[in-house]
Every structure is written in C-alpha cells, then in structure tokens.
Amino acid sequence: MVEHNLPSLLIRTLRRHITSQPLVIVAVSILADSSTNMHFQNLVRIHDGIQAIADAISIHKTNIKILDTCFYCLANLSVQSPENISSMTDCGRVASIIEDATNYSNEKSLVEA
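Quick caveat: nothing in here was measured; it's all calculated off a predicted structure.

**Student:** Which parts of the structure should I look at to understand the side chain of S81?
**Tutor:** Looking at the secondary structure, you find S81 in the loop between α5 (64-78) and α6 (82-90). Other than its neighbours up to four places away in sequence, S81 contacts Q41 and R45.

This is the structure we're talking about:
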C-alpha cells in the first residue's frame, strides 16, 4: 500500500512546494532512487511526476544541485521504459531541458546525467 502512495505523495508535495530548493532536492532524490523499480517508474508517470520534474527544472534552471537531481531522476525513469520516454517528449519540455543541461555542460554530474 505504501509503495502505491509514495510516488503520489512525493509528487503532490513537490508541486505544492516547488519553489523550495531543499524540498525539491529531497523529493526528486527519493523519486530518483526509487525509480530503479519498474513498477515505481510507472507510478511516477501515472501521477504526472515527469511533468512535475520538468516544472522544477524550468523554475530552478540556474540551480546546479536541483538540475543535477532532476536530470538524474529523469535518466532513471527512462531506463527500460519507452512509456516514460514518450511522456518526457510529450510534456513539451525536452528542448528546454536539453538547453538547460547544455548551459552547464562543464558540470561533471550534469554531463553524466
């Protein structure tokens, strides 16, 4: 039961407090670390977590820590998940996400993500 509610709770919290740097980092880090589980990946997509992460990237586009965490999470969400990759492209933010990553291409952690 908890595993079904966790993505929803984290995504709702992320949306409510999207301007809070510490909260965004913690919520997205938990999503990223949990996204190695395929079922969890699907729940993140179903609860519009990919859109919430894209929104966080747009709001915090100059914050390296948040960008690093969000890119890491999106990378984890895309592993063996064509549905999540489609969701990332469908949210209409891929170009801006790539542009944001390119602006900080010297940051080693961002390049890895």
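**Student:** What should I look at first to understand α5 in this one?
**Tutor:** Owing to its 3.6 residues per turn, the α-helix brings residues three or four apart onto one side. Helix length check: α5, at 15 residues, gives a terminal C-alpha distance of 21 Å against a target of 21 Å (1.5 Å per residue), a fit within 8%. One side-chain oxygen of the residue at the start of α5 lies 3.1 Å from the amide nitrogen of K65, identifying that residue as N63.

**Student:** Just checking my understanding: could you explain the environment of H60 for this structure?
**Tutor:** Relative to the helices and strands, H60 resides in the loop between α4 (49-59) and α5. On the accessibility criterion, H60 (10% relative accessible area) is buried. Separated by 40 residues in sequence, H60 and S20 place their C-alpha atoms 9.7 Å apart. Among residues more than four places away in sequence, those in contact with H60 are I18, T19, V24, I66 and L67.

Rules used in this analysis
Residues numbered from 1 in each chain as written. Predicted model: local features only at pLDDT ≥ 70, side-chain atom pairs only at ≥ 80, totals over all residues. Heavy atoms only, no water. Helix = DSSP H or I, 4+ residues; strand = E, 2+ residues; numbered from the N terminus. Contact = heavy atoms within 4.5 Å. Expected span 1.5 Å × (residues − 1). Polar contact = N/O pair within 3.5 Å; in protein donor to acceptor, adjacent residues only side chain to side chain. Buried < 20%, exposed > 50% of the residue type's maximum accessible area, 1.4 Å probe, protein only.

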